[in-house]
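Structural overview
The lines below spell out each chain.
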Amino acid sequence: MTNSQDKKNFPIKTLSGKKLRSADWFNNPAHPDQTAIYVERYLNYGLTLEELQSGKPIIGIAQSGSDLTPCHRHHIDLAKRIREGIRDAGGIPFEFPVHPIHEQGRRPTAALDRNLAYLGLVEILHGYPLDGVVLTTGCDKTTPALLMAAAAVDLPAIVLSGGPMLNGWDKEKRLGSGSIIWTSREDYARGDIGYDDFMKNIAAASPSIGHCNTMGTALTMNCLAEALGMSLPGCAAIPAAYRERSQIAYLTGKRIVGVVWEDLKPSDIMTREAFINAIKVCTAIGGSTNAPVHLQAIANQLGVELSIQDWQTHGEQISLLANIQPAGEYLGEDFYRAGGIPAIIGELLRAKQLNSDCLTISGNTMMELHKSSASIASQVIKPWSDPMMEKAGFAIMSGNLFDSALMKKSVIGESFKKQYLSDTNHPNAFTGRAIVFDGPEDYHHRINLPELNIDENCILVIRNCGPIGYPGSAEVVNMLPPDYLVKKGINHLPCIGDGRQSGTSASPSILNASPEAVVGGGLALVKTDDHIEIDLNNNTVNVLLSNEEYQQRKSQLAEPELINQTPWQEIYRKTVSQLENGGEMMMDQRYSRIIASHGTPRNSH
């Protein structure tokens, strides 16, 4: 880093002999007319010419907080601390909004908005005078959307998570947000609670600001942002209401200025080795089945080689260490107090399961940061020598119904094992009669019909719920059995679908089936009363049909009618890939490392 002066004696700090990117907008003596256009309106609310032409880095704050995104509305306040950190480190903050994404509030599904938010942020990071950016994340899709954009543009960036809510309580019992919906759904089906009690349970599980306090997709993805190296150590799990959340917001603001001067880009941090580390951390924390979709999409923006099979190759053999709902007992607040992601990484490093040389946004390697990190509550974060479960990763399933699908082994409970996986002649395998539903409306309409004759030997199948079919891929695969079975104590039947399910669900479903039914995937061929064989020894799923019958059904498939309700739905359907490929936008060319490839955008006048 050196100093130079232009003809107006405004010092411009340079990096590797090149001035800051923002100077192309705010201080370009070779084109005073263009500079004047950009500078003029940024003065009208009180910024000074000296600030804009000081050579200090212009740092964006990608503001994801709003009234529509309650899980990280507190980022509106945290941004003040980010600003203070940026200023104290010698930068100038520019806060701007990003497209809102809220999992529970958005219909038909928030998955539609991940690619839209990514698209919008790419244009902002590329087209505005920013030298670096703080990504404020929280609810499920926000973390991958913002990381995808920063990765594509390859602008220096850092993630500030919003943090989980405080623990929810019912007397001495912990109530996990998200998870309480599924358990209350069972209680309601049994008649143990009514509508009012259902609503009271939900309210009790959400006691403060923050995202889900379970290890759902929100906490998973923020943990994986830290595991990738894109957050300061310990950032992911700090509860939103804790003072430490504001403190790390300040430190994040300070650090991004250093990241800019060091020219530390997402491509320097998120290498293939970092993604493999993140896969292993995801297994160790009992992370969400949505994580493979999102990590794949982020890797795609960088051109990093990653595939769905990497989850089985590198993740399936990893042990479950975090005793967190839905795979365990505790919640996000407990996870933080036990040591959070640093403790998990420390355990995995000592077990020689991670690449210790991966660089992080702090400027240090994983080993330098976490060689001494350890759990301080072994009932919450287990040691590698005494895990919650061994070989707890996702099984990558395949067969004649799909090329790939996921099954989360860490939520396979004892009752499910006893019912379906304990046949002494065929252990870890079973065959069931298919009950097929064409989308969630069909499921809700027919699940309790007696003529379906659903019993514990049935497999519930739901289709037309993938990225193109829904559109957006809906979280509907964790289907509740008929009420009469729930009243008998059967809370889970085997489920298969081409949609997703909530990361807060404890249902051991087979989901994210690719290709989906509406593009000709095998789920389109299944009929009610077909028999499906599931074999966890070989990770296969097959409908038991003769090849002649299978091919005949395939030849008779009609092209589905897809109705787009908005312009974006049409664009989304035309560009989206299948879930195994990240559900990302497939364009005519790859848009990766945009700044390095194309430089500064053309002038506006």
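Please refer to the structure higher up on the page.
This text gives an overview of the structure that appears in the document. (Residues numbered from 1 in each chain as written. Predicted model: local features only at pLDDT ≥ 70, side-chain atom pairs only at ≥ 80, totals over all residues. Heavy atoms only, no water.)

1. Considerations on the packing of helix H9 (residues 217-228) against helix H13 (residues 291-302)
In plain terms, the rule: All axes are obtained by fitting lines to C-alpha atoms, using only the stretch in contact for helices, and the reported angles, taken between N-to-C directions, cover 0 to 180 degrees. Each helix is a run of H or I in the DSSP string that is no shorter than four residues. Each strand is a run of E no shorter than two, and both are numbered from the N terminus. For classification purposes, angles smaller than 35 degrees are called roughly parallel, those larger than 145 roughly antiparallel, those between 65 and 115 roughly perpendicular, and all remaining angles oblique. Here a crossing is taken to be left-handed if its near helix is turned anticlockwise relative to the far helix by less than a right angle, and right-handed if that turn runs clockwise. Every residue pair with non-hydrogen atoms within 4.5 Å of one another is taken to be in contact. Amino acids outside the nonpolar list (Ala, Val, Leu, Ile, Met, Phe, Trp, Tyr, Cys, Pro) and the charged list (Asp, Glu, Lys, Arg) are all regarded as polar, and Gly is one of them.
Viewed as axis vectors pointing N to C, H9 and H13 meet at an angle of 40°, and their least axial separation amounts to 10 Å. When the interaxial angle is binned, H9 and H13 end up oblique. Between H9 and H13 the crossing geometry is right-handed. Counting all contacts with H9, which are made through Thr217, Thr220, Met221, Leu224 and Leu228, the residues of H13 involved are Ala291, His294 and Leu295. A breakdown of the residues in the contact of H9 with H13 according to their chemical character gives five nonpolar, three polar and no charged.

2. Some points on helix H2 (residues 32-42)
Quick note on the threshold: Exposure is judged per residue with a 1.4 Å probe applied to protein chains only, and the accessible area is read against the type maximum: over 50% gives exposed, under 20% gives buried, and values in between give partly exposed. The directions from the helix axis to the C-beta atoms form the arc being described.
Looking at H2, one finds that the buried residues are Gln34, Thr35, Tyr38 and Val39. What you see down the axis of H2 is that its buried residues fit within an arc of 120°, all on one side.

3. Considerations on the pattern of salt bridges
We count it as follows: Basic side-chain nitrogens of Lys or Arg form a salt bridge, by our definition, when they fall within 4 Å of a carboxyl oxygen of Asp or Glu.
On inspection of all chains with the given rule, the structure shows 28 salt bridges. Here Arg87 makes a salt bridge to Glu51, at a shortest N to O gap of 2.9 Å. Of the two residues, Arg87 is situated in helix H4 (residues 75-88) and Glu51 in helix H3 (residues 49-52); the sequence distance between them amounts to 36 residues. Since its relative accessible area comes to 37%, Arg87 is described here as partly exposed. Arg446 is the partner of Asp442 in a salt bridge, and the nearest nitrogen-oxygen pair spans 2.7 Å. A residue pair is termed a helical-turn pair when its members lie 3 or 4 positions apart in one helix, as Asp442 and Arg446 do in helix H19 (residues 440-446) at four residues.

4. Concerning the state of the cysteines
What counts, and what does not: To count as a disulfide, a pair of cysteine sulfur atoms needs to be within 2.5 Å.
The tally for this structure, following the rule as stated, stands at zero disulfides. Its sulfur unpaired, Cys212 is 5.9 Å from the next cysteine sulfur, which belongs to Cys71. The exposure class of Cys212 is buried, given its relative accessible area of 11%. Looking at Cys223, it has no disulfide partner, and the nearest cysteine sulfur is the one in Cys282, 9.2 Å off.

5. Brief notes about the sheet that holds strand S5 (residues 92-97)
The following threshold applies: DSSP-based pairing: two strands are paired if at least 2 bridges between them are found.
Read across the open sheet, the four strands follow the order S5-S4-S6-S7; overall the sheet is parallel. Of all strands in the sheet, those bounded by a partner on one side alone are S5 and strand S7 (157-161). Shown here is a sheet whose adjacent strand axes are inclined to one another by a mean of 25°, direction ignored. Across the face of the sheet, helix H6 (residues 142-153) comes into contact with strand S4 (58-63), strand S6 (132-137) and S7 while running at roughly 165° to S6.

6. Brief notes about a nonpolar patch on the surface
Quick note on the threshold: Grouping into patches uses exposed residues only, defined as over 30% relative accessible area, and leaves out salt-bridged ones; the cut-off is 9 Å for like charges and 5 Å for nonpolar side chains (Val, Leu, Ile, Met, Phe, Trp, Tyr). We get accessible surface area from the Shrake-Rupley algorithm with a probe of 1.4 Å; when it comes to residues, only the shown protein chains can shield them.
Taken together, the side chains of Tyr188, Tyr195 and Met199 make up a nonpolar region of the molecular surface, amounting to roughly 350 Å² of accessible area. Along the polypeptide, Tyr188 turns up in helix H7 (residues 179-190).

7. Topic: the pairing of strand S16 (residues 531-535)
As judged from the five bridges shared by strand S12 (residues 429-437) and S16, these two strands associate in the antiparallel manner. Bridge pairing in S16 links Gly432 to Ile532. What sits between the antiparallel neighbours S16 and strand S17 (residues 540-543) is a turn of four residues, in which Asn539 has the positive phi angle 55°.

8. Here we look at the nonpolar core
This is how it is decided: We call a set of buried residues a nonpolar core when its members are Ala, Val, Leu, Ile, Met, Phe, Trp, Tyr or Cys and they connect through side-chain atoms within 4.5 Å of each other.
Leu295, Phe335 and Ile532 are the most contacted members of the largest nonpolar core, which has 171 residues in total. The biggest single contributor to this core is H6, with nine residues. If you look at the next biggest cluster of nonpolar residues, it comprises five residues, including Ala327, Met389, Ala392 and Val411.

9. Considerations on the packing of aromatic side chains
Describing an aromatic ring pair means giving the distance of the ring centres and the angle of the ring planes. Our working rule: For Phe, Tyr and Trp, rings pair up if their centres lie within 6.5 Å, where Trp contributes its six-membered ring, and each pair is then called stacked (planes under 30 degrees apart), edge-to-face (over 60) or tilted (otherwise).
Going through the model one piece at a time under the given rule, you end up with ten aromatic pairs. Centre to centre, the rings of Trp568 and Tyr572 are 6.1 Å apart; their planes meet at 65°, and the pair counts as edge-to-face. Taken together, the residues span about one helical turn, with Trp568 and Tyr572 both in helix H22 (residues 567-575) at a distance of four residues. Note on Tyr572: relative accessible area 3%, which makes it buried. In this structure an aromatic cluster arises from ring pairing among Phe26, Tyr42 and Phe94.

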